[in-house]
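If you want the building blocks of each chain, they are given just below.
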Amino acid sequence: MMMMNCNMAGRLFYLLPLVLITLYLPASSLAQSVTASFQTNPVDEDRTTILICNVNNLGTNNVVIDRTIYSRTEQLVSGTQILPSVDDNFFLSINDNADGSKTYFMTIRGVYHITDPGTYTCRIESAGGAVITSQSAILSINYNPISSDPRCSIADSNTDLTRLSGDEVVLACTSEIGYPPVDIKWSHSGCNKDRYLPGPTVTSFGFYNSELKIALSDQDNGGMFTCTLSRPDGSYSKSCSVGPFVVLGGEVCNMESTAMTAPSPTYDGKMTTDGSPSPTDGIMATEGNDSWTHVANKLLCMLCILLCFVFYAV
């Protein structure tokens, strides 16, 4: 028993200096750590979210917060202040916790999908600017394409809607992708209604560019080609159209039926976007002219019959 106590005392004798060093070690020399997260992520556009950075054992070191978008990095916070160059929709508050740690709350109000999504990094720097430790959080923003999208056009040099059967036409549809990305597809209404046509789509810097190359046939006479953006849950749907095409020598479509089934209410042969239709003097005017011609023919026939009666009576 005496020998065991001596051994324990010997061990404590060797451990005592380490305990004393630990007790009197400056806070700045302890292991620093930082965590980063968003209160709401992803967040809907125009809403508010908060970047939360928890910092342990900061000591005399400095806290820096920056943001990286498309490889461009901007510093937002240094120490206890938001930099003057930062937009006024950023606000910073710091909480001193009971355990000696600090929590940095950086509020972003009215988030915008072009300027605010990206990688936000909280880091601890020494007085000389050396990075001690850091952690990042990626902010995503839910948004739909802008109100003017999608935009449809004829992408080749000939923009005439009157074509010969077999002519190749290149149609283009451009739009913001949105987040989560919206679905994009082409469709066709004409003699051969609801024929879906695949088109290659290129994405670049948050935009869709979908081109559709087609060889016009008789079935495309009077038809509309429509580019539609949509979400699977049905929360968003928008489209634009090109047409109607006139294919010379092609079968004459039932224009009234085509107009009713076309995805976009556009009858004047111009390229428009849903929300601003221009049903001017196209199909409906043609149908009205046919009706007046029919009435005029009837009146002329009645006049001829009346003249015949008068002639025989005389």
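Our structure's up above, just so we're on the same page.
Cut-off values and rules
- Residues numbered from 1 in each chain as written.
- Predicted model: local features only at pLDDT ≥ 70, side-chain atom pairs only at ≥ 80, totals over all residues.
- Heavy atoms only, no water.
- Pairing = 2+ DSSP bridges.
- Helix = DSSP H or I, 4+ residues; strand = E, 2+ residues; numbered from the N terminus.
- Disulfide = S-S within 2.5 Å.
- Buried < 20%, exposed > 50% of the residue type's maximum accessible area, 1.4 Å probe, protein only.
- Salt bridge = Lys/Arg side-chain N within 4 Å of Asp/Glu carboxyl O.
- Core = buried A, V, L, I, M, F, W, Y, C linked by side-chain atoms within 4.5 Å.
- Contact = heavy atoms within 4.5 Å.
- Axes fitted to C-alpha atoms, helices over the stretch in contact; angles between N-to-C directions.

> Is there a simple way to explain the sheet that holds strand 5 (residues 72–78) in this structure?
Strands pair in a sheet through their backbones, by hydrogen bonds, and they do so in one of two ways: parallel or antiparallel. What the five strands build is an open sheet, ordered 6-5-4-9-10; its pairing is antiparallel. The sheet is open, and its two borders are formed by strand 6 (81–82) and strand 10 (131–139), each paired with just one other strand. The pairing of strand 9 (residues 118–125) with strand 10 spans eight bridges and is antiparallel. Bridge assignment links G118 to a residue of strand 10, and that residue is L139.

> Would you mind going over the state of the cysteines with me for this structure?
Between two cysteines, a covalent bond joining their sulfur atoms is known as a disulfide. Applying the stated rule across the entire model yields three disulfides. Covalently, C53 is tied to C122 through a disulfide, its sulfur atoms 1.6 Å apart. Here C53 is found in strand 3 (residues 49–56), whereas its partner C122 is found in strand 9, with 69 residues between them in sequence. Residue classification places C53 among the buried positions, given a relative accessible area of 0%. Of the residues examined, C122 reaches a relative accessible area of 0% and is grouped as buried.

> Got a minute to help me understand the pattern of salt bridges in this structure?
Note on pairing: side chains with opposite charge can pair once their charged atoms come close. Overall, the coordinates contain seven salt bridges when judged by the stated rule. The network of salt bridges with common partners includes D66, R123 and E125.

> In this structure, what is going on with the nonpolar core? I would like to understand it.
Core analysis: the largest hydrophobic core is formed by 24 residues, its most contacted members being L51, M106, I108 and Y120. When contributions to this core are tallied by element, the ones reaching two or more residues are strand 1 (33–38), strand 3, strand 4 (62–69), strand 5, strand 8 (102–108), strand 9 and strand 10. What L51 contacts, discounting residues up to four positions off in sequence, is S37, F38, I65, Y104, F105, M106, Y120, C122 and A137.

> Looking at this model, I keep getting lost on unusual backbone geometry. Mind explaining?
Outside of glycine, negative phi angles account for most residues, and trans bonds account for most peptide bonds. Omega for the peptide link from D149 to P150 comes to 0 degrees, which places this bond in the cis form. Mapped onto the elements of the fold, P150 is located in the loop between strand 11 (141–142) and strand 12 (151–154). With an omega of 0 degrees, the peptide bond running from G243 to P244 counts as cis. Tracing the chain through its elements places P244 in the loop between strand 20 (237–242) and strand 21 (246–248). At N57, a residue that is not glycine, the phi angle is positive and equals roughly 55 degrees. Considering the arrangement of structural elements, one finds N57 in the loop between strand 3 and strand 4. Taking the relative accessible area as the measure of exposure, N57 reaches 31% and is therefore partly exposed. Even without glycine at this site, S71 takes up a positive phi of about 70 degrees. Assessed through its relative accessible area of 72%, S71 is described here as exposed.

> Would you take a moment to explain the side chain of T228 for this structure?
Tracing the sequence through the fold places T228 in strand 19 (residues 224–230). Setting aside residues up to four positions removed in sequence, T228 forms contacts with D183, I184, K185, S237, K238 and S239.

> Just checking my understanding: could you explain the pairing of strand 15 (residues 183–189) for this structure?
It is a general feature of regular strands that their side chains alternate between the two faces of the sheet. In terms of burial, strand 15 is largely enclosed, as five of its seven residues are buried. Sheet topology note: the strand 15/strand 19 ladder contains seven bridges and is antiparallel. Across the sheet, the residue bridging to I184 is L229, located in strand 19.

> Mind showing me how you'd approach the sheet that holds strand 7 (residues 90–96) here?
Strand order across the open sheet formed by four strands is 1-3-8-7, with antiparallel pairing between neighbours. Edge strands, defined here as strands with exactly one partner in the open sheet, are strand 1 and strand 7. Neighbour-to-neighbour, the strand axes of the sheet open up by a mean angle of 15 degrees, direction not taken into account.

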